[in-house]
Amino acid sequence: MEEAAGSEASFCLQKLTIMDDSKDDYQYEEIPADDEFSLQDDDEDLSKALQTIQEQAEDAQILALQSVLTSEKSVSEIPEAMDDFFCNFLVRLGMSRTLDCFQTEWYELVQRGMFTAKDIGLVPTVYTRNQQLEADNMRLRKDLENYKLAANKAKEAFLKMQKECDFHRMHHKRVVQEKNKLICDIKRLKAHYASYEPVLKELTEKYQTTLRQKMLTSLERDRAVGQVTGLQATLQNLESGCAIQIPVTKAGHDCRRKKGLEGPTQKALQEVKQQKILDAESSSYDPVKDAEKEIGKRYPKDSEFPVDTQVNPYLVHATEYIQPLKSGEYKLSNILKVHDLAVNCGSQLVTSSGDTTVRIWDCLKLGCILTLEGHAHPVWDCSWHSCGDFVASASMDNTSKIWDVNSERCRYTMCGHKDSVNSIEFLPFSSTVLTSSADKTLSLWDARTGLRVYTFYGHLHSCNHAMFNMKGDTIASCDSSGMMKLWDIRKSVPILSVDAGPHPANQVVFDHSGRIVALASSDGSLKVLQLESGLLSSLRGHGGEVHSVIFDPRDEQLISGGADGTVCLWTRGAAAPCLT
């Protein structure tokens, strides 16, 4: 204890006071107020001040870091004392009783003076280094375990991605194989379809030929029935000595007409229609038949098309006008000023207009009794059916329509031409319709179904007009280059071509005998062609283009209308005075 007290007495604490006025040999230098860190008056702004403060803070951090590093280095360089080494070793091993015994015995020996601090010495650096290496080794082992776990996870992710890549690669290969298979199937189907094209073309030609033969057979049948009927009428006339009465067809209808004013044709057809309706109502329900009836559904006021077995009564008198005409036999007799603008073709009771409508007029009432609307562009031509219950119209909208006067509606819209339909005409006492179009073709249609039967090809320019002869076996047509063609519908080919150009031909018409053809030309003249002799004569009298021409019922007069607003009457024999 005495030794401990002696050791403690060797240390003392002395208090020293430094006075402000103390003088020593060191020369203190006064720092001026405006040092290098001070801001100039002229450069004093917020941005520079902030920048300066930031730089000072960075310098302070650098100095503090250097001091810490220096202190750590100095501390780490001091060797560890031997007793501290053993104490730390025992504490690390958890030997607390051994540590207590060691400290008791160790401090007793030090107090007795058995050995001093110099004798004890410090722990060799190698031991400290071994401990550091052991600690580093443990840390590295932990890091290794962590890296192994991370590597295992990365391996699992890599294997998963590799499997997904293989799956997508196989899927891509399968898609490519399916694509190649589809391409091969498409090529095979194209080749298969190409092999069917000749067959389809052949079948189409056969279908067209069959339809043409059907129509020709129907015409031959009608002609035979007409001949039989004509012979029977002639025989009755010879036996009775009475003149043959030619039935007069209806020219127009009032849409509000009474039931008692209907003609015999519609009366008979209405009776048959009513009987069919009664039979249909009394019959049992049949889904197939009812579906067919829905397709052909009609309005109650719809008219029925007459049967095509009717005979043209004018064929009996067509042979009366068989004497050939000489060149220039038609002479201008009268000129009637009836319009201020161009005169177009039209009947007495039905007219077509550029306002896209077709109007039916009553000459007795002097007014329009019905307006038919449905075309999208101007209507060029219109025609009555022989029974008087139907009107056909041709329009610039590439379509033609069949109108029912009684039900006041469009029964069929006939589509098929690729350009404006310029003319339309019914075959007399038949349901066959003839159209001419700017697409250089003529077409035959069935008005009962609205379907095209046959198309004639041969014109090189827009067809302006086409017309049947009285027998219905020949068609005359003309185009915008002045070319006129005659067609035999039994052969479906042109049998005669006459160039009356170069000016456009606007209308062509047969006389009742079918041996003379008149042509309205844009050069201001009428062209008259005699088919037997082939003689083409020209009649002049209009002051402008000739738009329309027609023969009178007895072929004694030729009537023409021109763009100068005049109608010219041409008669046989010597010329008569011209009247305006």
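Refer to the structure printed above.
As the structure is a prediction and not an experimental result, all values here were calculated from the model. (Residues numbered from 1 in each chain as written. Predicted model: local features only at pLDDT ≥ 70, side-chain atom pairs only at ≥ 80, totals over all residues. Heavy atoms only, no water.)

**Some thoughts on the sheet that holds strand β5 (residues 379-384)**
If you trace the 4 strands from one edge of the open sheet to the other, you get β5-β6-β7-β8, paired in antiparallel fashion. If you trace the sheet from one side to the other, it starts and ends with β5 and β8 (409-415), each paired once. The average undirected angle you get between the axes of adjacent strands in this sheet is 20°. Across 6 bridges, the pairing between strand β7 (residues 399-404) and β8 is antiparallel. (Pairing = 2+ DSSP bridges. Helix = DSSP H or I, 4+ residues; strand = E, 2+ residues; numbered from the N terminus. Axes fitted to C-alpha atoms, helices over the stretch in contact; angles between N-to-C directions.)

**Points about the packing of helix α3 (residues 82-93) against helix α4 (residues 96-112)**
Two numbers describe how α3 lies on α4: the axes approach to 9 Å, and their chain directions differ by 165°. Classed by the angle they form, the pair α3 and α4 counts as roughly antiparallel. Seen along the crossing, α3 lies across α4 with a hand that is left-handed. Residues Asp 83, Phe 86, Cys 87, Leu 90 and Val 91 of α3 form the contact with α4, whose own contacting residues are Thr 98, Leu 99, Phe 102, Gln 103 and Trp 106. Residues that form the contact of α3 with α4 fall into these classes: 7 nonpolar, 2 polar and 1 charged. (Parallel < 35°, antiparallel > 145°, perpendicular 65-115°, else oblique. Left-handed = near helix turned anticlockwise from the far one by under 90°. Contact = heavy atoms within 4.5 Å. Nonpolar A, V, L, I, M, F, W, Y, C, P; charged D, E, K, R; others polar.)

**Digging into unusual backbone geometry**
Positive phi outside glycine occurs at Asn 398, with the angle close to 75°. By relative accessible area, which is 26% here, Asn 398 ends up partly exposed. Phi angles above zero are rare outside glycine, and Phe 429 is one such case at about 60°. Mapping Phe 429 onto the fold places it in the loop between β9 (421-426) and β10 (432-437). (Buried < 20%, exposed > 50% of the residue type's maximum accessible area, 1.4 Å probe, protein only.)

**Some points on the pairing of β9**
In terms of residue burial, β9 counts as a mostly covered element, since 6 of its 6 residues are buried. Relative to β10, β9 runs antiparallel, the two being bridged by 5 bridges. By the bridge assignment, Phe 426 is partnered in β10 with Val 433. Connecting the antiparallel pair β9 and β10 is a turn made up of 5 residues, with Phe 429 showing a positive phi of about 60°.

**Some points on the nonpolar core**
One recurring pattern in soluble globular proteins is that nonpolar side chains are buried together. Counting residues in each nonpolar core, the largest one holds 17 residues, and the members touching the most others are Leu 434, Leu 442, Leu 444, Phe 456, Phe 468, Ile 475 and Ile 489. Among the elements of the structure, α6 (125-240), β11 (441-446), β12 (451-457) and β13 (463-468) are those that each provide at least two residues to this core. A per-element tally of this core places α6 first, with 4 residues. When neighbours within four sequence positions are excluded, Leu 434 is seen to be in contact with Ser 423, Ile 424, Glu 425, Leu 442, Ser 443, Leu 444, Ala 466, Met 467, Phe 468 and Ile 475. Membership of the second largest hydrophobic core comes to 14 residues, among which are Ile 516, Phe 551, Leu 558 and Cys 568. (Core = buried A, V, L, I, M, F, W, Y, C linked by side-chain atoms within 4.5 Å.)

**Considering the sheet that holds strand β20 (residues 535-540)**
Strand order across the open sheet formed by 4 strands is β17-β18-β19-β20, with antiparallel pairing between neighbours. The two strands at the open ends of the sheet, each matched to only one other strand, are β17 (505-510) and β20. Here the average twist between neighbouring strands, direction ignored, is 20°. Pairing of strand β19 (residues 525-530) with β20, which is carried by 6 bridges, proceeds in the antiparallel orientation. Note on β20: the bridge partner recorded for Ser 525 is Arg 540.

**Considerations on the environment of Ser 386**
By secondary structure assignment, the location of Ser 386 is in the loop between β5 and β6 (390-395). The buried category is assigned to Ser 386, whose relative accessible area is 17%. A C-alpha to C-alpha distance of 6.0 Å links Ser 386 and Pro 428, two positions 42 residues apart in sequence.

**Let's talk about a nonpolar patch on the surface**
A grouping of Tyr 193, Tyr 196, Val 199, Leu 200 and Leu 203 is seen on the molecular surface, where their side chains present a nonpolar patch of about 480 Å² in accessible area. Along the chain, Tyr 193 falls in helix α6. (Patch = residues over 30% accessible without salt bridge, like charges linked within 9 Å, V, L, I, M, F, W, Y side chains within 5 Å. Areas by Shrake-Rupley, 256 points an atom, 1.4 Å probe, with all protein chains shown as cover. Salt bridge = Lys/Arg side-chain N within 4 Å of Asp/Glu carboxyl O.)

**Remarks on α4**
In this model α4 runs 24 Å from its N-terminal to its C-terminal C-alpha over 17 residues, within 8% of the 24 Å that 1.5 Å per residue would give. Following α4 by one or two positions, Gly 113 has its phi on the positive side, about 85°. (Expected span 1.5 Å × (residues − 1).)

**As for the pattern of salt bridges**
Pairing between side chains of opposite charge can happen when the charged atoms of each approach one another. Per the stated rule, a full pass over the model turns up 11 salt bridges. Between Arg 188 and Asp 185 there is a salt bridge; the shortest N-O distance is 3.6 Å. Within this pair, Arg 188 and its partner Asp 185 are both found in helix α6, separated by 3 residues, close to a single helical turn. By relative accessible area, Arg 188 is classed as exposed at 51%. The exposure class of Asp 185 is partly exposed, given its relative accessible area of 24%.

**A word on the packing of aromatic side chains**
For the structure on display, the rule yields 3 aromatic pairs. Residues Tyr 454 and Phe 456 carry aromatic rings whose centres are separated by 5.1 Å and whose planes lie at 80° to one another, so their mutual orientation is edge-to-face. In this structure, Tyr 454 and Phe 456 share a single accessibility class: buried. Taken together, the aromatic side chains of Tyr 454, Phe 456 and Trp 487 make up a single cluster linked through ring pairs. (Phe/Tyr/Trp six-rings, centres within 6.5 Å; stacked < 30°, edge-to-face > 60°.)

**Points about the pairing of β7**
Working note: regular strand, side chains alternate between the two faces of the sheet. Of all 6 residues that make up β7, 6 are buried, and the element is covered over most of its length. Alternating residues of β7 divide into Thr 399, Lys 401 and Trp 403 and Ser 400, Ile 402 and Asp 404, and every residue in both groups is buried. Taken together, the 5 bridges between β6 and β7 define a ladder with antiparallel strand orientation. Among the inter-strand pairings, Ala 392 is bridged to a residue of β7, identified as Ile 402. What sits between the antiparallel neighbours β7 and β8 is a turn of 4 residues, in which Glu 408 has the positive phi angle 55°.

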